[in-house]
Amino acid sequence: DAGVIQSPRHEVTEMGQEVTLRCKPISGHDYLFWYRQTMMRGLELLIYFNNNVPIDDSGMPEDRFSAKMPNASFSTLKIQPSEPRDSAVYFCASSPRGGLADTQYFGPGTRLTVL
Amino acid sequence: AQSVTQLGSHVSVSEGALVLLRCNYSSSVPPYLFWYVQYPNQGLQLLLKYTSAATLVKGINGFEAEFKKSETSFHLTKPSAHMSDAAEYFCAVNHFNKFYFGSGTKLNVKP
């Protein structure tokens, strides 16, 4: 299996622009997670899906952030408009059936820089 | 609220020495506990997890962790450090379907 795939690996954008991060989970995994990693706040769970349905989005920082999972093999995290404080590494992860009690398989991350 | 505390943001050991990375959680109910490792510029990889079975959990790469309810701890150990163990290690907790990572401990291994 190719593992969790994220694109792009690096994104540099200017403040106010829309940013879309993409994730392809491991085939057959029922859960998908989006995380943000910064020096100041560490690793934070933003949102997670079960069978394409958002279960908990309490970690989404504000309305500028939105996430979708239109099908079992694709998810997006969108920031509109982007701000410099959104600069971080964004990870996508998936897990088979146990959700947060199960092993999560992480993608390589997208490093976002907002100028 | 559930929290995870990792004591020591940086730990340095000599190659061949014991590795001990500390993790404490705050909960009256034992949660699910995990240790993940992150190598530079990579995503996280599971080392081991505790799910209320054996209190001593063995993981990959020779690591193990012991769940101690009385101390609310889940410390990670390895008897003999290898240069390839240099990475950042995260303790994590799943408690009532809320998931929290600790702040991480960077392990440096000296030759």
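If you're wondering where the values come from, they're calculated on a predicted model, not measured in any experiment.

What counts as what
- Residues numbered from 1 in each chain as written.
- Chains lettered and ligands numbered in written order.
- Predicted model: local features only at pLDDT ≥ 70, side-chain atom pairs only at ≥ 80, totals over all residues.
- Heavy atoms only, no water.
- Buried < 20%, exposed > 50% of the residue type's maximum accessible area, 1.4 Å probe, protein only.
- Helix = DSSP H or I, 4+ residues; strand = E, 2+ residues; numbered from the N terminus.
- Pairing = 2+ DSSP bridges.

Caption draft 1: Local environment of the pairing of strand E8 (residues 64-68) of chain B. Residues and elements named next belong to chain B. Judged by which residues are buried, E8 turns out to be one-sided: Ala 65 and Phe 67 face inward and are buried, whereas Glu 64, Glu 66 and Lys 68, on the alternate face, are not. With three bridges connecting them, strand E7 (residues 56-58) and E8 associate as antiparallel partners. Bridging across to E8, Val 57 finds its partner in Ala 65. Pairing geometry for E8 and strand E9 (residues 73-78), over five bridges, is antiparallel. Each bridged residue has a counterpart across the sheet, and for Glu 66 the counterpart in E9 is His 75. Linkage of E8 to E9, two consecutive antiparallel strands, is achieved through a turn of four residues, within which Thr 72 is found at a positive phi near 45°.

Caption draft 2: Here's a closer look at unusual backbone geometry. Look at the link from Ser 7 of chain A to Pro 8 of chain A: it is a cis peptide, with omega at -10°. Within the element layout of this structure, Pro 8 of chain A appears in the loop between strand E1 (5-7) and strand E2 (10-13). Put simply, Gln 80 of chain A and Pro 81 of chain A share a cis peptide bond, and its omega is -10°. Summarising the element assignment, Pro 81 of chain A is placed in the loop between strand E8 (74-79) and strand E9 (88-95). Positive phi, close to 60°, is recorded for Asn 41 of chain B, a residue that is not glycine. Relative to the elements of secondary structure, Asn 41 of chain B occurs in the loop between strand E5 (32-38) and strand E6 (44-50).

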